[in-house]
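# Coordinate analysis (summary)
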Amino acid sequence: MSEQNNKSDATQQKGKLSRRDFLLLGGTALGTVALRQAAKSPKTTRGAEDHPEGGHLWGMVIDIDLCIGCNYCTYACQAVNNLSDDMKYNIVSVETTEIGDEFFLSRPCMQCAHPPCVHVCPVEATYIRPDGIVAMDYDLCIGCRYCMIACPYDVRVFNWYEHTEDSPRVPEFGTPELPPRPRGVMEKCHFCSHRIDFGLERGLVPGVDAAATPACIVACPTGSRVFGDLNDPNSPANQKLAVSDNPIRLRNDLSTEPRVLYIPPRIKEG
Amino acid sequence: METDIRVPKLRLAGKEYPLFPIWILFLIAAFGIGLHGMVTVLTKGLSVTGLSNQVAWGLWIAIDLSSIALGGSAFVFGVIVYLFKIERFKRVGMLAVLLGFLGYSTAGMVLLFDLGQPLRFWHPVVYWQPHSLLWEITMCVVLYLSVLLAELLPIVLEHPLFHSHPILDKSKFLRGFTNFLQKLSAWLHKTGPFLAVIGLTLSLLHQASLGATYGVLAGRGLWFSQTAPVIFVLSAVAGGTCLLFLTSIIVFRVMRPGLVSDSVLYDIARIAGYVALLCIYIRVWDWAVTNYYSFDREIALQTELLNTVAPYTTSFWIGQVLFAAIPGFALVSAKRIKRFRILAFFAILPLICTILTRWNYNLSGLIAQITYDPFTPTVIQNSYSPTVTEWQVGMGVISYWLITFSLAARFLPFKGDHHHKEHHEPDVPEPVTAD
């Protein structure tokens, strides 16, 4: 009899959830959901449906020795991307080698394989396209500028002003190919992705055909920079890499794995 | 009920002047100037600030971080009062909730002006990117602000206007509405422990994430540190509790004598003191470790920065170590010092330290930048000085904080009885039509 009583007590207790159990269960459930969310790979790749053929991975190779610091790349970029004069996607600076030789460093967006800017964006306004290009969605961007702060290469630019007039580089270096962006959003170099998409639709080869190639590459008078599909061994970029012995990446210690590679200056004799 | 509250008077040349209206008028004027700045920013955009592509976050972010940190007492005392149910801290806990709400709403306000697209402030709530610390902070702040609102409502509804003011008897609608509010308040009060747990989780999460916002940025050597989240949480608890101690002296000791005993105030000071000391202990270890591991070229360059530009310069040793260590020891022995003027002086210093830590954290990483030269990287120094508009907006949001705090200190009872049921229907006298 007493056993039965005990049993019914136990079942009664079983049916009633204590506060501790409730908190424990709730916590476990919440934790599971949170862990599943965290374990998911970042949903930062978008637009696969636009590129059903896939397989491209765009990259750029810049031969430092060939660069003469003319800034044509910067100007062509400003004209084609419809940038005002104070905004530059590509920056040319003077740097020094270990033995004291000066050289020009042309710095577009590195199009990192692991871009710090993409990981920090609170609204997924910046994302990696399936072809490796780090792009912007201007309609999502809230203008918090965290990406600008996270970028180790200082290549993101903010729209501080309302865009009112064309770049002074128009028409000398090109004509605007994109509508201006609103004030208060972030922008960045996107390897002239509009040209790449346009060219691929028409059977052109980006890096080979000028209409499908980033403006800075086309404008470069010395052929210092080449562009192409890193997955295609015959692309100009890969051919350039094949003949150079030690291409480098900027801030390699950060493991961002840029897709813009540099051929370092050769040591001059005498 | 209001006669219990003593409002300090201004004494000038033997005459007494009412301090409160003068103070509020002064604050409204300051807010007006701020409003002008806010309109300027919203119409002209962020080009009116001194920010640039290199120094992208400035004064407003420092204000945002500081006001969130100084609201840190809300979760500490939320847990002490609502979860551990330590009764003697009840009234102080109510003040802590108010400080928390003010801190977070101020932060939200100043952040709005810092956005390039202020109208898209709601985007993070809809377009999730759970890997971003800023997304997590936004969600936590939005949710925690709701929790604070739920905790604040019963405190505001304690005011006689909402249960026993004669004006309520003149309108049936008003009476019905306030009765509903009282029921809501009673229900919210019952959910106290639940809210306290949620509040604690949310605030620990984002107070730490605010540090991690900087700590995860490998590209900015000055910031890349695992201790940042810990330091942000501890300094928020220390600074927030110091602010609670200071405001408690004004709200309870000066304006409501007898409502909270002095021993409770001493205990708050001691909590603040202990946490400030713990924070400094960890910061000094952080400094030692950073200097010890400086063999690698990149790290050596960064350490050189840390020691010359910031954050480990003189301002670190004076503003962030001494300003927390000396008051820390003083506040810990509050029961022996006993004199509130001295204790209040010491409680101000960790407050400054908390603000300085944030200012320093934010600016140092942006101002001192490593160049991109692959062979001979050096340090370049960017410059930033806030423009008049930035100061205006800063003044505006701070005067919002002060106005709301002053009104609450002047009018709210802070008794925490939560037994207004006797004021409901049974006690309501018949409406007097002749009145």
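Everything quoted here is computed from the prediction, not taken from an experiment.

## Points about the interface of chain A and chain B
- The interface is formed by 44 residues belonging to chain A together with 33 residues belonging to chain B.
- Every element with two or more residues in the side of chain A that touches chain B is listed here: strand E2 (91–96), strand E3 (102–107), helix H4 (116–120), helix H5 (146–150) and strand E6 (157–158) of chain A.
- Considering every element that reaches the side of chain A that touches chain B, the biggest residue donor is H5 of chain A, with four residues.
- Residues that form the side of chain A that touches chain B fall into these classes: 27 nonpolar, seven polar and ten charged.

## Considerations on the confidence of the model for chain B
All names here are of chain B.
- Of all residues in chain B, 91% attain a pLDDT of 70 or more, and the chain-wide mean is 86.
- Within chain B, helix H15 (residues 388–411) carries the highest mean pLDDT (96), whereas helix H11 (residues 297–308) carries the lowest (68).
- The low-confidence segment residues 420–435, where pLDDT is below 50, has eleven contacts with residues more than four positions distant or belonging to other chains.
- The ipTM value of the predicted complex is 0.86, and its pTM value is 0.85.

## Observations regarding the sheet that holds strand E1 (residues 58–63) of chain A
Residues and elements named next belong to chain A.
- Strand order in the open sheet made by the three strands is E8-E1-E9, with mixed pairing throughout. Strand pairing shows two members of the sheet lacking a second neighbour, strand E8 (225–229) and strand E9 (260–263), which therefore form its edges. Between one strand and the next, the sheet's axes are offset by a mean angle of 20°, whatever the strand orientation.
- Here E1 runs beside E8; their pairing, made up of five bridges, is antiparallel. From the neighbouring strand, valine 61 faces E8, where its bridge partner is valine 226.
- Docked against the sheet, helix H8 (residues 236–243) engages E1, E8 and E9, running at close to 115° with respect to E8.

## Observations regarding unusual backbone geometry
- Residues valine 170 of chain A and proline 171 of chain A are joined by a peptide bond in cis, for which omega reads 5°.
- Checked against the element boundaries, proline 171 of chain A lands in the loop between E6 and strand E7 (186–187).
- Unlike most non-glycine residues, aspartate 154 of chain A shows phi in positive territory, near 55°.
- Locating aspartate 154 of chain A in the fold gives a position in the loop between H5 and E6.
- Within the chain, lysine 338 of chain B stands out as a residue other than glycine whose phi angle is a positive 65°.
- For lysine 338 of chain B, the location among the structural elements is in the loop between helix H13 (334–337) and helix H14 (340–367).

## Describing the packing of helix H2 (residues 59–70) of chain B against helix H4 (residues 90–114) of chain B
All names here are of chain B.
- The N-to-C vectors of H2 and H4 enclose an angle of 165°; their axes lie 8 Å apart at closest approach. It follows from the interaxial angle that H2 and H4 lie roughly antiparallel. When you trace H2 past H4, the crossing you get is left-handed. Mapping the contact onto sequence places Trp60, Ile61, Ile63, Asp64, Ser67, Ile68 and Leu70 in H2 and Gly103, Tyr104, Thr106, Ala107, Val110, Leu111, Phe113 and Asp114 in H4.
- Tallied by class, the residues present in the contact of H2 with H4 amount to ten nonpolar, three polar and two charged.

Here is what the cut-offs are and how they apply
- Residues numbered from 1 in each chain as written.
- Chains lettered and ligands numbered in written order.
- Predicted model: local features only at pLDDT ≥ 70, side-chain atom pairs only at ≥ 80, totals over all residues.
- Contact = placed C-beta atoms within 7 Å.
- Helix = DSSP H or I, 4+ residues; strand = E, 2+ residues; numbered from the N terminus.
- Nonpolar A, V, L, I, M, F, W, Y, C, P; charged D, E, K, R; others polar.
- pLDDT = per-residue confidence, 0-100.
- Pairing = 2+ DSSP bridges.
- Axes fitted to C-alpha atoms, helices over the stretch in contact; angles between N-to-C directions.
- Parallel < 35°, antiparallel > 145°, perpendicular 65-115°, else oblique.
- Left-handed = near helix turned anticlockwise from the far one by under 90°.

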